[in-house]
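Letter by letter, the chains look like this.
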Amino acid sequence: MPVAPPPLTRLPLNALRAFEAAARTGAFTLAAAELGVSPGAVTAHVKALEERLGAPLFERQARGVRLTALGLAAAGELTGAFDALAGAEARLRALALPREVHVATLPAIAQLWLSPRLPALRAAAPEISVSITALEAAPNLKRSLHDLSLFPAESGGRLVAADELFPVCSPTLAERLSGVEDLGRLPCLSDSVWARDWEVWLHAVGAKVAVRGPVFSLYALAVEEAVNGAGVLMGHGPLVAAQLERGALVAPFPQRVPLGAGFRLWSARAMERGSAVARVAAFLGA
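Not measured: the values here are computed from a predicted model.

Rules used throughout
- Residues numbered from 1 in each chain as written.
- Predicted model: local features only at pLDDT ≥ 70, side-chain atom pairs only at ≥ 80, totals over all residues.
- Heavy atoms only, no water.
- Pairing = 2+ DSSP bridges.
- Helix = DSSP H or I, 4+ residues; strand = E, 2+ residues; numbered from the N terminus.
- Axes fitted to C-alpha atoms, helices over the stretch in contact; angles between N-to-C directions.
- Phe/Tyr/Trp six-rings, centres within 6.5 Å; stacked < 30°, edge-to-face > 60°.
- Buried < 20%, exposed > 50% of the residue type's maximum accessible area, 1.4 Å probe, protein only.
- 1 Å grid on protein atoms, 1.4 Å probe; cavity = no way out; pocket = protein on both sides within 12 Å on 5 of 7 lines; lining within 4 Å.
- Points joined across faces, edges and corners; volume = space filled by probe spheres on them.
- Nonpolar A, V, L, I, M, F, W, Y, C, P; charged D, E, K, R; others polar.
- Core = buried A, V, L, I, M, F, W, Y, C linked by side-chain atoms within 4.5 Å.
- Contact = heavy atoms within 4.5 Å.

Draft legend 1. Spotlight on the sheet that holds strand β12 (residues 262–267). With mixed pairing, the five strands of this open sheet are ordered in space as β4-β3-β5-β12-β6. A strand with exactly one partner marks an edge of an open sheet, and here the two such strands are β4 (129–134) and β6 (158–161). Between one strand axis and the next, the sheet turns by 30° as a mean value, whatever way the strands run. As paired elements, strand β3 (residues 100–105) and β4 share six bridges and run parallel to each other.

Draft legend 2. Up close: the sheet that holds strand β7 (residues 164–168). Taken in spatial order, the five strands line up as β9-β8-β10-β7-β11 in an open sheet, and their pairing is mixed. Here the strands that pair on one side only, and so sit at the sheet edges, are β9 (215–216) and β11 (257–258). Examined bridge by bridge, β7 and β11 share two bridges and lie antiparallel to one another. Following the sheet pairing, Glu-164 is matched in β11 by Pro-258.

Draft legend 3. Quick look at the packing of aromatic side chains. Taken as a whole, this structure holds five aromatic pairs when the rule is applied. On the basis of an interplanar angle of 80° and a centroid distance of 5.3 Å, the ring pair of Trp-194 and Tyr-219 is categorised as edge-to-face. On the criterion of sequence distance, the pair formed by Trp-194 in the loop between β8 (188–191) and α8 (197–204) and Tyr-219 in helix α9 (residues 219–227) is long-range, its members being 25 residues apart. The same class applies to Trp-194 and to Tyr-219, which are both buried. Aromatic side chains Trp-198 and Trp-201 sit 6.4 Å apart centroid to centroid with 90° between the ring planes, which places their arrangement in the edge-to-face category.

Draft legend 4. Inspection of empty space enclosed by the protein at higher detail. Per the counting criterion, the structure on display carries two cavities of 30 Å³ or more. In this structure, the largest cavity spans a volume of roughly 110 Å³. Lining the largest cavity are Ala-90, Arg-93, Ala-94, Leu-97, Glu-100, His-102, Ser-144, Leu-145, His-146, Asp-147 and Arg-269. Looking at the lining of the largest cavity element by element, the count peaks at three residues for helix α4 (residues 69–96). Partitioned by chemical class, the residues of the lining of the largest cavity number four nonpolar, three polar and four charged. Surrounding the second largest cavity, Leu-106, Pro-107, Ala-108, Gln-111, Glu-136, Asp-191, Val-193, Trp-194, Ser-217, Leu-218, Tyr-219 and Ala-220 form its lining. Those elements that provide at least two residues to the lining of the second largest cavity are α5 (107–114) and α9. In terms of residues, the lining of the second largest cavity owes the most to one element, α5, which gives three residues. In terms of residue class, the lining of the second largest cavity is built from eight nonpolar, two polar and two charged.

Draft legend 5. Up close: the nonpolar core. Core analysis: the biggest nonpolar cluster contains 57 residues, and Trp-113, Leu-183, Trp-201, Tyr-219 and Leu-239 have the highest contact counts within it. Residues in contact with Trp-113, not counting those within four places in the same chain, are Ala-108, Leu-150, Val-160, Ala-161, Pro-238, Leu-239, Phe-263 and Leu-284. Core analysis: the next-biggest nonpolar cluster, separate from the first, contains 18 residues, Ala-21, Ala-23, Val-42 and Ala-75 among them.

Structure, rendered in structure tokens:
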């Protein structure tokens, strides 16, 4: 009677995924953020993998971790394998759900630039379902489930909107501004993500004015407060265009400073002509 040998046990997939992410990003905390788990979970997965292998994959140091020779030898191949797996999953989803498009972008762009365009997009292509995910950083399109990524950048992707800096405020507040030096007497609103906006603009126009005022973690909230007359906001052209057009905000000074980082659109994969992703990208200006 033939005897079936016991099957060899494979290394845990989640542990391999945790190791690959830590090796690629160079930090357990960054790997945890990407995988949506705690740093402790990544540490546990890597430790379990090392125990199964009977050899270390990382050298633990005071300032972080460094790959061992074994870890370095395995990391690149695992990255390619997980990239291929994510690509296969994305293609499967695209075939099964050809009319769904997932877009990742900054919260400010989602609220102030993208959202106002969605009604026209729905009217032009009612059969396409567009989902928006607001993220503080651009996703790794090789791994994420997003089809399109729209973020400020100086290069890459396709430019859909050039950006420029200039102060904006309510019409009533603008009456109190006769020159740039008057900014020192009024609250100057800023966004925590773009904390250097005032510094950049003031330096570019050659003004030596100390500005101060409330800081907001949501740019859309700062825009709303500027509309309410709470202070002068450093405007990003594409994000305040609607408020300027309807007169809720005005630009009290003529100086505008172009930014190298415009709003750029990336696709997770090559866009087939006529596909839902290609049609959404074209509508957004790419």
